[in-house]
Amino acid sequence: MWDALWIDIDIATCATPGAYGRIEDAAIGVKDGRIAWIGPRGELPGPVEKLAAVLHQGEQNWVTPALIDCHTHLVYGGQRAGEFEKRLSGVSYADISRAGGGIRATVASTRAASEAELLRSALRRLAPLIAEGVTVVEIKSGYGLDLDTELKMLRVARAIEREAPVEVITTFLGAHAVPPEFEGDADGYIDFVCDEVLPGAVEQGLVDQVDAFCETIAFSPEQVERVYEAAKLFNLPVKLHAEQLSDTGGAELAAAYGALSADHLEYLSPAGVRAMAGAGTVAVLLPGAFYMLGETQAPPVARLRDAGVPIALATDSNPGSSPVTSLLTTMNMGCVLFGLTPVEALAGVTRNAARALGLGDRRGTLEVGKAADFVIWDIEEPAELAYRVGFNPCVDVIRAGVPTLVG
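Residues numbered from 1 in each chain as written. Predicted model: local features only at pLDDT ≥ 70, side-chain atom pairs only at ≥ 80, totals over all residues. Heavy atoms only, no water.

The name recorded for the protein chain in an unreviewed UniProt entry is Imidazolonepropionase, from Thalassobaculum litoreum DSM 18839. The record held by UniProt for the protein chain lists under Function (unreviewed entry) the comment "Catalyzes the hydrolytic cleavage of the carbon-nitrogen bond in imidazolone-5-propanoate to yield N-formimidoyl-L-glutamate. It is the third step in the universal histidine degradation pathway." Under the UniProt heading Pathway (unreviewed entry), the entry covering the protein chain gives this text: "Amino-acid degradation; L-histidine degradation into L-glutamate; N-formimidoyl-L-glutamate from L-histidine: step 3/3." (UniProt positions renumbered as here; feature names shortened; annotations may be inferred.)

See below:
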């Protein structure tokens, strides 16, 4: 009947908002890479030995949907440990950026790196995420800020999908910062992004989504709107780095364009919360950046929760503000720093992370018909995934019904 069957497991389906969706003493049947059956073992439609070509014993471990890292900058050159030292001595991230550091420093390193070098370093950063059960990762451009390097970054992101057992969603982030060539001419740079870089990337089939950085040290809502209009010409979904350092009204703009997500949101206003709720825009929270930058104003989680805005979590893995390569640690930080519950944290890296990437119809929960991507964990309770720090209880990662870490 099925290609494979897993028994002797407890399942957190993550299909029910506000709950783990527990099924104890459960089973999962897989056919053609999708979930064909899921439920209590006692309700299986026949003897286990006759139901599938391969029978897997789960040894009473827990199973959750595979994890999704829905906001990363994994492809880049160089590192910025020196800036970390400066921030510890009291220099702000904004001051570092204005002095030519920050994103611009990584731009120089990324421009100088070859595609092979960028691929090697990105795969090293991706490896611990895969080991923690990540099967989908979003990867942004935005460290090139010229035509050739932006395309180079996106080609590397596509190559990662061929080299590693993950699905990669590519996001064009040309509107990340103003490059040296356009110093003092942000509007001219936005013209360049909209008229040359984005069309060039689309022509080569390198773009799944479009993002921008709406902030006082980056681009205004009016400039971002021009990027969104360019994205609309290619029928590309949009998202936004919004309200990280100040309230610019970016979240409201993102919602007005039906954005999949608005990300960061430390300074999100009540009006922004209402706009996101009305548009169904996911709030992607990035506690790694909050932690590394020593921020003190957390996103308005209670308002988001009360308004019914879906909350996702992601590593924001990048060289400057969040050199984080652990989604499990991100779950813990989401709980400790932002006040999420362990149930919300798990939903944030499964169901809501899938929604933030437009994948909610096929990933993020364990339900019949969805991709058979799930993780087997050696834990006693699902809350352990957010509770422990520096501990990876992953036993195996199943991708399209096939074990990828063990036989």
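Caption draft 1: Seen up close, the environment of Thr248. Secondary-structure assignment places Thr248 in the loop between strand S9 (239-242) and helix H8 (250-256). Take Thr248: its relative accessible area is 22%, and that puts it in the partly exposed class. On a C-alpha basis, the gap between Thr248 and Pro221 in space is 7.2 Å, while along the polypeptide they are 27 residues apart. Every residue in contact with Thr248, bar those within four places of it in the chain, is listed here: Cys214, Glu215, Thr216, Pro221 and Glu243. At a separation of 3.0 Å, a polar atom in the side chain of Thr248 contacts the side chain of Glu243. (Helix = DSSP H or I, 4+ residues; strand = E, 2+ residues; numbered from the N terminus. Buried < 20%, exposed > 50% of the residue type's maximum accessible area, 1.4 Å probe, protein only. Contact = heavy atoms within 4.5 Å. Polar contact = N/O pair within 3.5 Å; in protein donor to acceptor, adjacent residues only side chain to side chain.)

Caption draft 2: Inspection of the packing of aromatic side chains at higher detail. A full pass over the atoms with the stated rule returns 9 aromatic pairs. One aromatic cluster in this structure is built from Phe182, Tyr189, Phe192 and Phe219. Here the guanidinium or amino end of Arg125 rests over the ring plane of Tyr76, the centre of that ring lying 3.6 Å away. It is Arg388 that lies over the ring of Phe391; its NZ or CZ is 4.6 Å from the centre. (Phe/Tyr/Trp six-rings, centres within 6.5 Å; stacked < 30°, edge-to-face > 60°. Lys NZ or Arg CZ within 6 Å of the ring centre and 35° of its normal.)

Caption draft 3: View of the environment of Phe374. Residue position: Phe374 is located in strand S13 (residues 374-377). Owing to a relative accessible area of 0%, Phe374 belongs among the buried residues under this scheme. Taking the C-alpha atoms as reference points, Phe374 and Glu24, separated by 350 residues in sequence, lie 16 Å from one another. Not counting residues up to four positions away in its chain, the partners in contact with Phe374 are Trp6, Ile28, Val30, Val63, Thr64, Pro65, Ala66, Leu366, Asp396, Val397 and Ile398.

Caption draft 4: Spatial organisation of the sheet that holds strand S5 (residues 67-69). Here 8 strands make up an open sheet; going across it, the order is S5-S6-S7-S8-S9-S10-S11-S12 and the pairing parallel. Two strands bound the open sheet, and with one partner strand each, they are S5 and strand S12 (311-313). Direction aside, neighbouring strands of the sheet carry axes that sit 25° apart on average. (Pairing = 2+ DSSP bridges. Axes fitted to C-alpha atoms, helices over the stretch in contact; angles between N-to-C directions.)

Caption draft 5: Quick peek at the UniProt feature "binding site: Fe(3+)" (unreviewed entry) in the protein chain. Mapped onto this numbering, the UniProt entry annotates "binding site: Fe(3+)" (unreviewed entry) at His71, His73, His241 and Asp316. On the basis of their most widely separated C-alpha atoms, the annotated residues across 246 residues gather in one place, lying no more than 12.4 Å apart. With respect to the helices, strands and loops of the structure, His241 is situated in strand S9. A relative accessible area of 4% places His241 in the buried class. Beyond its immediate chain neighbours, meaning those up to four positions away, His241 contacts His71, His73, Lys140, Leu173, Asp211, Ala212, Phe213, Cys214, Asp263 and His264. Position of Asp316 among the secondary structure elements: in the loop between S12 and helix H12 (327-338). Setting aside its immediate chain neighbours within four residues, Asp316 contacts His71, Thr72, His73, His264, Leu286, Ala289, Ser321 and Ser322.

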